[in-house]
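Chains, contacts and geometry: an overview
Residues per chain are reported as follows:
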Amino acid sequence: MVDQFETPLFTALKKHAEKNPIQFHIPGHKKGNGMDPDFREFIGENALSIDLINIGPLDDLHLPKGIIKQAQGLAAKAFGADYTFFSVQGTSGAIIAMIMSVCNPGDKILVPRNVHKSIMSAIVFSGAIPIFIHPEVDSYFGISHGITPDSIEKALKFHPDTRAVLVINPTYYGVSGDLKKTVKIAHSRNIPVLVDEAHGAHIHFHRDLPLSAMEAGADMAATSVHKLGGSLTQSSILNLQGKLVSPKRVQSVLSMLTTTSTSYLLLSSLDVARKSLATVGHALLEDTIRKAEETRSKINEIPHLYCMGHEVLETSAAVAMDPTKLLISVKELGVTGYDVEKWLRIRFNIEVELSDLYNILCIVTPGDTEQDLLLFIQALTELSKEYKTQVDKNVDSSVLLPEIPLLALTPRDAFYADTEVIPFEESEGRIIAEFVMVYPPGIPIFIPGEIITQDNLVYTRMNVEAGLPVQGAEDEELKSIRVIKEQLANN
Ligand SMILES: Cc1ncc(COP(=O)(O)O)c(C=O)c1O
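The rules behind these values
- Residues numbered from 1 in each chain as written.
- Predicted model: local features only at pLDDT ≥ 70, side-chain atom pairs only at ≥ 80, totals over all residues.
- Heavy atoms only, no water.
- Helix = DSSP H or I, 4+ residues; strand = E, 2+ residues; numbered from the N terminus.
- Buried < 20%, exposed > 50% of the residue type's maximum accessible area, 1.4 Å probe, protein only.
- Contact = heavy atoms within 4.5 Å.
- Pairing = 2+ DSSP bridges.
- Axes fitted to C-alpha atoms, helices over the stretch in contact; angles between N-to-C directions.
- Polar contact = N/O pair within 3.5 Å; in protein donor to acceptor, adjacent residues only side chain to side chain.
- Near = heavy atom within 4 Å.
- Areas by Shrake-Rupley, 256 points an atom, 1.4 Å probe, with all protein chains shown as cover.
- 1 Å grid on protein atoms, 1.4 Å probe; cavity = no way out; pocket = protein on both sides within 12 Å on 5 of 7 lines; lining within 4 Å.
- Sits in = over half its atoms within 2 Å of the grid points.
- Nonpolar A, V, L, I, M, F, W, Y, C, P; charged D, E, K, R; others polar.
- Salt bridge = Lys/Arg side-chain N within 4 Å of Asp/Glu carboxyl O.
- Core = buried A, V, L, I, M, F, W, Y, C linked by side-chain atoms within 4.5 Å.
- Arc of directions from axis to C-beta.
- Points joined across faces, edges and corners; volume = space filled by probe spheres on them.

Moving on, we come to the environment of Ala-318. Looking at the secondary structure, you find Ala-318 in the loop between β11 (306-307) and β12 (320-321). Exposure remark for Ala-318: the relative accessible area of 2% places this residue in the buried category. Sequence separation between Ala-318 and Gly-174 is 144 residues; the distance between their C-alpha atoms is 9.7 Å. Contacts of Ala-318, omitting those with residues within four sequence positions, involve His-145, Val-175, Ser-176, Gly-177, Val-312 and Leu-313.

Set out below in structure tokens:
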């Protein structure tokens, strides 16, 4: 336990900066002296003095042998992994490396359809063939949960040559499926389990949070320490354990995908976040969970609002939840989540994590004060009063959950196929060649290779009309869409 108080990377960086060496190396701003003074003053000398590069004494993320290796070793211990790799390219980078370390072109990978776009990108890059598993959907909130171990077992019987199983643990909304059982099923066939743990950097450190990927016995997990673990934005880790995946392969794939100019600000923030999680994480999370639960109860006393709680855990696709996530349904007020996002910004200077057609999502972390949370309750109470008149007008609180489109081509084949641009409204039945998603959460409505359906067109239009950030397509206004060119029989 004692060594978890050490921060080999951050401490060495500070010592190096204190020596104040004359720097004839990049970054060219040289401790901030060669940069815009306004920015220098704002950021501060300390941060700029450790904005360094992989010179001899500071190790190299591409071949760690010194302080980075030590910091990664401490992280591995803290997260219960055999190896931890630091990522300066977010969990997106770690996920792409994780999948490309395991899947060769043509290999099958089992994935839930509600995955983040980085997983779909990895599938395009690697040439792996996705076998989609339908997640369980929650028709009150209009969101997807996890996938059941049963559906994985069935899919594996059908596709015994599957190379890897990928699961999300927990989802953006904080819900986890039965990961232990999933691992047991996959391991009985020697298939590695890869976990998107972008929203689970903290879960390993408190028993009242869902089981972490490493605790559940999964082989790899890509974890956004920057999201809920206290490090700087863009810093993540990739954890690895067991014998099914080679650490050497992971290191070399990560290196292929990683910038050679790795940010030491990001790397050292991972070092200190790990220290904090391992040493005081449990106590901080205890307090955070209490604050979040109290806030949840108060929200549920506000008329016409509903904040998701443990009652949502009904199936093996939802066996545990992270109470620090506050998913609040606003549909009964007759407004969209996006309307509420804007209302909170304008009226209370409050920014939410995400909004969609029916909900807002807020995260509670050790960084929140009781006062912030009280103001949030006050704002929601005001919101409910202001929109109460709409409720009396018989609000339509049904939720549209479009069918998952059928895949006609592999995402990679669709991405590289001959394509053409056609009007969005005339695209039903055609095979799409680009991604369409709302970000956040970044779960694609369409991925390359899927057959465009009418209800998905309607759903996309509803998101655009509500003002939500629909991204991915070349035409930002979505008046047109890129589809696979159809060959006419006589051509
Ligand atoms: C489920 C999920 N996976 C992966 C990612 C990618 O994480 P990052 O932003 O660290 O690249 C996100 C980001 O929102 C996410 O929600």
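Moving on from the model shown.
Ordered in space as β18-β17-β19, the 3 strands form an open sheet in which the pairing is antiparallel. Either end of the sheet is taken by a strand with one partner, and the two such strands are β18 (443-446) and β19 (470-471). Pairing analysis gives 2 bridges linking strand β17 (residues 436-438) to β19, with the strands arranged antiparallel. Bridge pairing links Met-437 to Gln-471 in β19. Contacting β17, β18 and β19, helix α15 (residues 454-465) runs over the sheet at an angle of about 125° to β18.

Summarising the element assignment, Ser-176 is placed in strand β7 (residues 175-176). We classify Ser-176 as buried; its relative accessible area is 2%. Within polar-contact distance, the side chain of Ser-176 engages the side chain of Asn-169 at 2.8 Å. Setting aside residues no more than four positions away along its own chain, Ser-176 makes contact with Asn-169, Pro-170, Pro-210, Ala-317, Ala-318, Val-319 and Ala-320.

The next subject is the side chain of His-62. Relative to the assigned elements, His-62 resides in the loop between α3 (45-49) and α4 (67-79). Among the polar contacts listed, one links the side chain of His-62 to the side chain of Ser-255, at a separation of 2.6 Å. In terms of polar contacts, His-62 uses its side chain to reach the backbone carbonyl oxygen of Thr-259, at 2.9 Å. For His-62, the residues in contact, after removing those within four places along its chain, are Gln-251, Ser-255, Thr-258, Thr-259, Thr-260 and Thr-262.

This next bit is on the site of the ligand. Around the ligand, the structure places 14 residues, and the nearest of them are Thr-91, Ser-92, Asp-196, His-199 and His-226. Measuring from an oxygen atom of the ligand, one finds a side-chain N or O atom of His-199 at 2.7 Å. Look at the ligand: alone it shows 380 Å² of surface, and the protein chains cover 90% of it. Here the ligand is seated within the largest pocket. For the shell around the ligand, the residue count by class is 4 nonpolar, 8 polar and 2 charged.

The general pattern is negative phi for most residues beyond glycine and trans for most peptide bonds. Looking along the chain, the bond that leaves Ile-26 and enters Pro-27 is cis, with omega of 5°. Relative to the assigned elements, Pro-27 resides in the loop between α1 (8-18) and α2 (37-43). A cis amide bond links Asn-169 to the next residue, Pro-170, at an omega of -15°. Looking at the secondary structure, you find Pro-170 in the loop between β6 (162-168) and β7.

Once that is clear, we can look at the pattern of salt bridges. Scanning the model with the defined rule gives 17 salt bridges in all. In this structure, Asp-161 engages Lys-108 in a salt bridge whose closest nitrogen and oxygen atoms are separated by 3.1 Å. Placement of Asp-161 in the loop between α7 (149-158) and β6 and of Lys-108 in strand β2 (residues 108-112) is noted, with a sequence separation of 53 residues between them. Salt-bridge contacts for Asp-287 lead to Arg-290; the nearest nitrogen and oxygen are separated by 2.7 Å. Pair noted here: Asp-287 and Arg-290 are both in helix α11 (residues 264-299), with a separation of 3 residues, about one helical turn. Of the residues examined, Arg-290 reaches a relative accessible area of 34% and is grouped as partly exposed. Look at the salt bridges and you will find they share partners, linking Asp-287, Arg-290, Lys-291, Glu-294 and Glu-370 into a network.

It is worth spelling out the nonpolar core at this point. Counting residues in hydrophobic clusters, the biggest one holds 34 residues, and the most contacted among them are Ile-99, Ile-109, Leu-166, Leu-194, Met-220 and Leu-238. When contributions to this core are tallied by element, the ones reaching two or more residues are α5 (90-102), β2, α6 (117-126), β6, β9 (220-223), β10 (236-240) and α10 (247-257). Considering every element that reaches this core, the biggest residue donor is α5, with 7 residues. Other than its neighbours up to four places away in sequence, Ile-109 contacts Ile-99, Cys-103, Ile-123, Ala-128, Ile-129, Pro-130, Ile-131, Ala-164, Leu-166 and Leu-194. Grouped together as the second largest cluster of nonpolar side chains are 29 residues, Leu-9, Ile-67, Ala-75 and Leu-209 included.

Regarding α7, the residues found buried are Pro-149, Ile-152, Ala-155 and Leu-156. When α7 is viewed along its axis, its buried side chains cluster within an angular range of 120° and face the same direction. For α7, exposure combined with an orientation more than 90 degrees from the buried face picks out Lys-154, Lys-157 and Phe-158. In the core, the buried residues of α7 are packed alongside β2, β3 (129-133), β6 and α8 (179-187).

Let us look at the sheet that holds strand β1 (residues 83-87). With respect to topology, 7 strands assemble into an open sheet ordered β1-β10-β9-β8-β6-β2-β3, the strand pairing being mixed. Pairing within the sheet leaves two strands with one partner each, and these edge strands are β1 and β3. Neighbour to neighbour, the strand axes of the sheet diverge by 20° on average, direction disregarded. The pairing of β9 with β10 spans 4 bridges and is antiparallel. Its bridge partner lying in β10, Thr-223 is registered against Ile-237.

By volume, the largest pocket amounts to about 1,200 Å³. Together, 48 residues line the largest pocket, and Asn-114, Val-115, Pro-441, Ile-443 and Pro-444 are the ones closest to its centre. Where the lining of the largest pocket is concerned, the elements lending two or more residues are α5, α6, β5 (143-144), α9 (225-228), β18 and α15. Here the lining of the largest pocket takes 5 residues from α5, the largest share from any one element. Within the lining of the largest pocket, the residues separate by chemical class into 24 nonpolar, 18 polar and 6 charged. As a volume, the second largest pocket reaches approximately 350 Å³. Taken together, 13 residues line the second largest pocket, and the ones lying closest to its centre are Lys-69, Gln-72, Tyr-83, Phe-85 and Gln-251. Those elements giving two or more residues to the lining of the second largest pocket turn out to be α4, β1 and α10. Of the residues assigned to the lining of the second largest pocket, the class counts are 6 nonpolar, 4 polar and 3 charged.

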